[in-house]
Amino acid sequence: MVVSNETHRISLPSSSRLDDDIKEKRGLGAYIYNSWVLNIYDIWVLGISNSYAWRCPTSTILLPFFKANFSSNHLDVGVGTGYFLAEAVLDKPATTDADNYDAQQITLVDLNSNCLSTAAARIKAAQPTLAPARTVAADAFESLPLEPSSGNIRDEGTGKEKFDSISLFYLQIGRAHV
């Protein structure tokens, strides 16, 4: 697992070992998201699949729901391209006030470093005055050792970081082992 406060600095320690372990546990689902797949992801998943396969259109159902529940301290698990977050931060007022730089805390968790860097860059492009999203390359089905970052709230009982909102769209569970 790697935690980063930098938008584009994502690396996986002993990458082949982590990749092999995760592929064994979760299947190859998270690894298909290379730059080519991410370029067509929004059209295919958010456009065609949501509207026609799931009959749950992104623009009229999912995005309004996401925006209504998006908070200033948000965790997104399985980030895809960062579409929902980028659209939500567009509604946040841009500011050059240094005191408000950290007012919006976004933490991204995904197995795939391509998704993390794509989502973080998309959020930053949508609202350049926000602090960079914190990226965590990790398996969401394992315990996430998220320690509070600056300004975030800590749970009194566990000492772990608390979030005001959490989103989890399209997370693939992978294959089961018998």
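These remarks concern the structure in this document. Just so it is clear, the model here is predicted, and its values are computed rather than measured. (Residues numbered from 1 in each chain as written. Predicted model: local features only at pLDDT ≥ 70, side-chain atom pairs only at ≥ 80, totals over all residues. Heavy atoms only, no water.)

A word on the overall build of the protein
Heads up, the condition is: The helix count covers DSSP runs of H or I at least four residues long, the strand count covers runs of E at least two residues long, and both are numbered beginning at the N terminus. Whether two residues touch is decided by their heavy atoms; if any such pair falls within 4.5 Å, the residues are in contact. Residue-level accessible areas treat just the shown protein chains as cover; the underlying method is Shrake-Rupley with a 1.4 Å probe.
Each helix and strand in the protein was counted, giving five helices and seven strands. Contacts in the protein between residues at least 24 apart in sequence constitute 71% of all its contacts with a sequence separation of at least 6. By element, 55% of the accessible surface of the protein is carried by carbon and sulfur atoms, the whole surface being about 10000 Å².

Comments concerning the pattern of salt bridges
Our working rule: Salt bridges are defined by distance alone: a side-chain nitrogen of Lys or Arg within 4 Å of a carboxyl oxygen of Asp or Glu. Only protein chains enter the accessibility calculation, which uses a 1.4 Å probe. A residue is then buried if its area is under 20% of the maximum for its type, exposed if over 50%, and partly exposed in between.
Tallying each qualifying case throughout the model produces three salt bridges. One salt bridge connects R122 with D42, and the closest N-O pair in it is separated by 2.6 Å. Placement of R122 in helix α5 (residues 113-126) and of D42 in helix α2 (residues 35-53) is noted, with a sequence separation of 80 residues between them. Linking D91 and K67 is a salt bridge whose minimum nitrogen-to-oxygen distance equals 3.3 Å. Taken together, the residues D91 in the loop between α4 (83-90) and β3 (105-110) and K67 in helix α3 (residues 58-69) connect sequence positions 24 residues apart. Residue D91 is classed as exposed on the basis of its relative accessible area, which comes to 52%.

Brief notes about the packing of α3 against α4
Inclusion rule: Each axis is a line fitted through C-alpha atoms, and for a helix only the stretch in contact is used; angles between axes span 0 to 180 degrees, taken between their N-to-C directions. Roughly parallel here means an angle under 35 degrees, roughly antiparallel means over 145, roughly perpendicular means 65 to 115, and every remaining angle is called oblique. Less than a right angle of anticlockwise turn of the near helix away from the far helix marks a crossing as left-handed, whereas a clockwise turn marks it as right-handed.
At their nearest, the axes of α3 and α4 sit 10 Å apart, and the two run at 65° to each other. On the basis of their axis angle, the class for α3 and α4 is roughly perpendicular. Handedness of the α3/α4 crossing: right-handed. When α3 is examined against α4, the residues T58, L62, L63, F66 and K67 are found in contact with a partner set consisting of Y83, F84, L85, E87 and A88.

Quick look at the packing of aromatic side chains
Note the threshold: In this analysis, rings of Phe, Tyr and Trp, with Trp reduced to its six-membered ring, are considered paired at centre separations within 6.5 Å, and the interplanar angle assigns stacked below 30 degrees, edge-to-face beyond 60, and tilted for intermediate values.
Enumeration over the complete set of coordinates arrives at seven aromatic pairs. A centroid spacing of 5.5 Å and a plane angle of 40° characterise the contact between F66 and F84, whose relative ring orientation is tilted. Separated by 18 residues along the polypeptide, F66 in helix α3 and F84 in helix α4 bring together distant segments of the chain. For F84, a relative accessible area of 7% corresponds to the buried category. Aromatic side chains Y83 and F84 sit 5.3 Å apart centroid to centroid with 80° between the ring planes, which places their arrangement in the edge-to-face category. Residue class for Y83 comes out buried when judged on its relative accessible area of 17%. Pairwise contacts between aromatic rings join F66, F70, Y83, F84, F169 and Y170 into one cluster.

Some words on a nonpolar patch on the surface
Operational definition: Patch definition: residues with relative accessible area over 30% and no salt bridge; like charges joined within 9 Å; nonpolar side chains (Val, Leu, Ile, Met, Phe, Trp, Tyr) joined within 5 Å.
A surface patch of nonpolar side chains, amounting to about 500 Å² of accessible area, comprises I43, W44, I48 and Y52. Relative to the helices and strands, I48 resides in helix α2. Looking at I48, the relative accessible area reads 36%, which means it is partly exposed.

Describing the side chain of S167
Put simply, the rule is: Think of a polar contact as two N or O atoms within 3.5 Å of one another; within protein, one of them needs to be a possible hydrogen donor and the other a possible acceptor, and neighboring residues in sequence only count if both atoms come from side chains.
The topology assignment puts S167 in strand β7 (residues 165-167). With a relative accessible area of 5%, S167 lands in the buried category. In this structure the side chain of S167 is engaged in a polar contact, spanning 2.8 Å, whose partner is the side chain of H74. Not counting the four nearest positions on each side in its chain, S167 is found in contact with F66, H74, L75, D76 and V77.

Some thoughts on the pairing of strand β2 (residues 73-77)
Applied cut-off: A pair of strands counts as paired when DSSP detects no fewer than two bridges linking them.
With five of five residues buried, β2 is to be regarded as a mostly interior element. What you see with β2 is no split at all: N73, L75 and V77 on one side and H74 and D76 on the other are buried throughout. The pairing of β2 with β3 spans five bridges and is parallel. Note on β3: the bridge partner recorded for H74 is I106.

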